[in-house]
Amino acid sequence: MKQMPPKSAERLLLFFLKEDLVEEVLGDLDEKFFDLLQKKSLKKAKLNYWYQVINYLRPFAFKYFRLNSILGTMIKHNFLISYRMLLKNKMFSAINIGGLAMGMTVTILIALWIRDERSFNKNHEHYDRIVQVLRKDRFDGQTYVNSSMVSKLGIYLEETYPTVFENVATTFYRNQQQFLKVGDRSLERLGYFFSRDAAHLLSLEMVAGRRFNDMQRDAILLSRSLARTLFVGENPVGKNVRFNNSRDLIVSGVYEDLPKNSTFSEMEFIVPIELVYNEDNPATWYNQNTKVYALLNEGVRIMEANNIIKDALSDNIPNEQRITDLLLLPMKDWHLNSTFDDGVRVTSNRVQFIRIYAAIGVFVLILAFINFINLNTARYNNRVKEIGIRKSIGSIRSQLILQFLSESALYSFTSFLISLTISASCLDWFNELSGKDISMPWTYPIFWAVALIFILFSTIVAGAYPAIFLSSFNPIIALKGSIKQGVLSTRFRQGLVVFQFTISIALIIGTITVYNQLQHAKSRPVGYDQSNLITLRGKSEAFFENYDVLRDELKKSGAVVEVASANYPLTNDLGNNDGFALQRTNEVYPITFNTILVTPEYGKATGWEIIAGKDFSRDRVETQNIIISESAAEMMGLKNPLGEVLVPSYNYLGRKRAFTIIGVVKDMIKNSPFARRPKPLMVFANQEALGFVFIRLNPSMDYLRSLPIIEETFNKVLPGYPFNYEFMDDAYQLKFKAEERIGSLATIFSVFAIFISCLGLFGLSAFVVEQRTKEIGIRKVLGASVSNLWNLLSKDFSVLVLIACVIAMPLAAYFLNSWLNTYEYRVAISWWTYILAGLACLLITLATVSIHSLKSSLSNPVEALRSE
């Protein structure tokens, strides 16, 4: 069947396009369509056709529609009257348009954010076939799912199951920044040690050179941005990059930067993992320090592949005491659906936030619509004569409805244009706040189609009720100049105000709760002293050879109290091992321990707290001793762990040896601060330098003085080595970055919602005061004070806020507790949160209403009563 251009787009074009342009334009569009169909795809050809059609929606291409017809004249007349009404009531028009524009702006930004979240990783060509290998461990009646794999697994899967996997790629569990140097240009960048097939698996777009081949080991792939930085104005392919001051790597190719909504967006270069795992250091079936990704063969279903490989790990680890299955997680679920509880997929925090943001966007838009409806129905008394005259000279109800819908359309269209301008203007700020790289989809036809639907929807939703309501008046009664407001009309408006403040109060409670949850986790004891502690990476052979000299020189400088090193940083729980048995019982614990190697000064440098036993010391041989955390002692069931001997079931640290527990330390928060408890920790002593250095600054010296001294010492001992450090408290705060972004966005959107509510309240209170001007004048003449009048005008709105509090508080409690239950370490919602939210909303209401009530109370009553 021959593929043809989309008929609906062609019909739209023929509807508005001038007759003398039809043949030429259709010919050009058809030619472009079939060209793209041949070179690219049907989808792209159709999208381009729609884009070209919409692009012709410009005045020069429009047919001449006969506006001198009755319908055309009426439409023109309606919009002219609408425009005049807009200018006549400037304050109310500004409130209506401003409120709608704010609501639309928030909705547009939230929609773009949600679209970005839901399109994660779709830039990868093999999106539907890429999977991550997970392990499902079952012991003690619980099932734990994690992504840490032994280094041998990836190689085994690719060699053993060629009918299942096209490629299997292994990378380290967490890749660190590496030191790169070209000529006199040197910098640190985050890259991945990856199997050579990773470039194909991830379908990296090569802009120069080529991907790795099977013979390459001393090679590197660079991202386009990194290549431009290292090789300014040069072609980097075939040239050398000095890697960690230890070896030269040849640039094999340059790939296009990955977008921010890719799991691998921070990957600025790729180095073959075979540099690490080779004949001298082979991959093993222990030490869970890698992640494994795979590309399924065409036609292989994930459930089928799961069943084939599920026993691959347990079959190769004979001493494994737990039941371990492998599990494949498709790429489409990595970002939003990778959370498990007791082995079962559960709703992730990110999905929760998408739902929360979507709800906020909908509610903010509803608040804006409510303002529009409230203000238009409230001010009907000023237009009843107009309506009466129109009806008396023959206007039928449908014509009046069309008139008011025309006004609504004008407001909606103007608001939408303003919201687009605001959204585009603040998008850079929004991206910085949210950590995104979102752009306005100007060139997407579907965006404009949705925009048109959105404007029509806004016109109908915001204008239908006022149009029907205002057109229903009896012309004889209307011509008398006033129509008494019915109870139902008043109650309807009051109900809308209650709804507005219910949402506002719930958002205030939610904002406070999100903040409290963050502070609750931030104030959690971390188990070590973050103050005056800096950390840096050691990456070159020169560094390791001169570590002892560097340590001694730093301590002699007076700027440093202690220096230590470890094989992992303090802010993550890398290095996971199991298979440890208690020697006296020979019982292997079914526990994965976080295991780290440290130099003996580690405890003094980090400031950990020994709660039993003693610390490591350089004065004695410690390679047979270990220190464990209180969680490790508890999980192993050791009430008095000192002196107990643990034996690994494999050659841990090079040979099978026994380790004696000499100390117990307070738990250190190395994994998520929102986890119920830290991972059980085992700390092994090592005499030689390791990759992460911890420097305890002298607390009696200002860090602005001590840091230059430390840098000078570094340059003296390690000339040319970059002194790139990080304060430990800053590094720890990065754990909260995602939650802080979510909280900041929720706060901003909540402020918008509250402001929109106040905007509507401002207009409504102005109308109420205007309607009661004569009553206020009479009361003042009879002796009413300013406070009496303020109380009279404010109490009605205060009652509405109190009703909103009664409704909002239980609703907020229900939904917020559901959200907090997704965190293991969570805060309880305090009673004062509800009181504070209610008081805040009441004060905002009183402040907003008082602007008009005080102005009216202080005015001269003669002015109000003059017409009487």
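See above for the structure.
Residues numbered from 1 in each chain as written. Predicted model: local features only at pLDDT ≥ 70, side-chain atom pairs only at ≥ 80, totals over all residues. Heavy atoms only, no water.

**Describing unusual backbone geometry**
If a residue is not glycine, its phi is most likely negative; likewise, a peptide bond is most likely trans. One non-glycine residue, Asn121, lies in the positive phi region at around 70°. Mapped onto the fold, Asn121 is located in the loop between α5 (90-118) and β1 (130-139). Exposure remark for Asn121: the relative accessible area of 0% places this residue in the buried category. Positioned with a positive phi, Asn532 is a non-glycine residue whose angle comes to about 55°. Along the chain, Asn532 falls in the loop between α16 (487-522) and β17 (533-537). (Helix = DSSP H or I, 4+ residues; strand = E, 2+ residues; numbered from the N terminus. Buried < 20%, exposed > 50% of the residue type's maximum accessible area, 1.4 Å probe, protein only.)

**Observations regarding a nonpolar patch on the surface**
On the surface, Val799, Ile803, Val806, Ile807, Leu811, Tyr814 and Phe815 cluster together into a nonpolar patch covering about 710 Å² of accessible area. With respect to the secondary-structure elements, Val806 resides in helix α25 (residues 786-820). Its relative accessible area of 63% is what places Val806 among the exposed residues. (Patch = residues over 30% accessible without salt bridge, like charges linked within 9 Å, V, L, I, M, F, W, Y side chains within 5 Å. Areas by Shrake-Rupley, 256 points an atom, 1.4 Å probe, with all protein chains shown as cover. Salt bridge = Lys/Arg side-chain N within 4 Å of Asp/Glu carboxyl O.)

**Details of helix α18 (residues 547-556)**
Where α18 is concerned, the buried positions are Tyr547, Leu550, Arg551 and Leu554. One face of α18 carries all of its buried residues, which in axial projection span an arc of 100°. Tucked into the core, α18 has its buried residues touching α17 (541-545), β18 (560-566), β28 (692-697) and α21 (703-717). Where α18 ends, the next residue or the one after it, Gly558, has phi of about 85°, a positive value. (Arc of directions from axis to C-beta. Contact = heavy atoms within 4.5 Å.)

**A closer look at empty space enclosed by the protein**
Overall, the coordinates contain two cavities of 30 Å³ or more when judged by the stated rule. Asp573, Asn594, Ser629, Asp667, Met668, Lys670, Asn671, Pro678, Lys679 and Leu681 are the residues that line the largest cavity. Approximately 40 Å³ is the volume found for the second largest cavity. Lining the second largest cavity, in full, are Phe353, Val514, Gln517, Leu518, Phe674, Glu739, Trp819 and Tyr823. Among the elements that line the lining of the second largest cavity, the one with the most residues is α16, at three residues. Among the residues forming the lining of the second largest cavity, the class breakdown is six nonpolar, one polar and one charged. (1 Å grid on protein atoms, 1.4 Å probe; cavity = no way out; pocket = protein on both sides within 12 Å on 5 of 7 lines; lining within 4 Å. Points joined across faces, edges and corners; volume = space filled by probe spheres on them. Nonpolar A, V, L, I, M, F, W, Y, C, P; charged D, E, K, R; others polar.)

**Section: the packing of helix α2 (residues 19-39) against helix α3 (residues 42-55)**
Two elements in contact, α2 and α3, have axes whose closest approach is 8 Å; the angle formed by their N-to-C orientations is 155°. With respect to α3, the element α2 is oriented roughly antiparallel. For the pair α2 and α3, the crossing hand works out as right-handed. Of α3, the residues touching α2 (which contributes Leu26, Leu29, Asp30, Lys32, Phe33, Leu36 and Leu37) are Leu42, Lys44, Ala45, Lys46, Asn48, Tyr49, Gln52 and Val53. Here the residues of the contact of α2 with α3 are counted per class, giving nine nonpolar, two polar and four charged. (Axes fitted to C-alpha atoms, helices over the stretch in contact; angles between N-to-C directions. Parallel < 35°, antiparallel > 145°, perpendicular 65-115°, else oblique. Left-handed = near helix turned anticlockwise from the far one by under 90°.)

**Concerning the nonpolar core**
Core analysis: the largest hydrophobic core is formed by 102 residues, its most contacted members being Tyr357, Tyr602 and Phe694. Per element, the largest residue contribution to this core is twelve residues, and it comes from α16. The contact partners of Tyr357, leaving out residues within four places of it in the chain, are Ile110, Trp113, Arg741, Ile742, Leu745, Ala746 and Phe749. Grouped together as the second largest cluster of nonpolar side chains are 25 residues, Leu134, Phe194, Ala198 and Met267 included. (Core = buried A, V, L, I, M, F, W, Y, C linked by side-chain atoms within 4.5 Å.)

**Some points on a negative patch on the surface**
A contiguous patch of negative charge, built from Glu23, Glu24, Asp28 and Glu31, is present on the exposed surface. By secondary structure assignment, the location of Glu24 is in helix α2. (Lys, Arg positive; Asp, Glu negative; His and termini not counted. Charge placed at Lys NZ, Arg CZ, Asp CG, Glu CD.)

**Thoughts on the pattern of salt bridges**
According to the stated counting rule, one finds 25 salt bridges in the structure shown. In this structure, the salt-bridge partner of Arg135 is Asp137, at a minimum N-O distance of 3.1 Å. For Arg135, a relative accessible area of 0% corresponds to the buried category. Residue classification places Asp137 among the buried positions, given a relative accessible area of 2%. In this structure, Glu740 and Lys522 form a salt bridge, with 2.3 Å as the shortest nitrogen-oxygen distance. Within this pair, whereas Glu740 is found in helix α23 (residues 737-771), its partner Lys522 is found in helix α16, the two being separated by 218 residues in sequence. Each of the salt bridges in this network shares a partner with another, and the network as a whole consists of Arg551, Asp552, Lys555, Glu562, Glu601 and Arg618.

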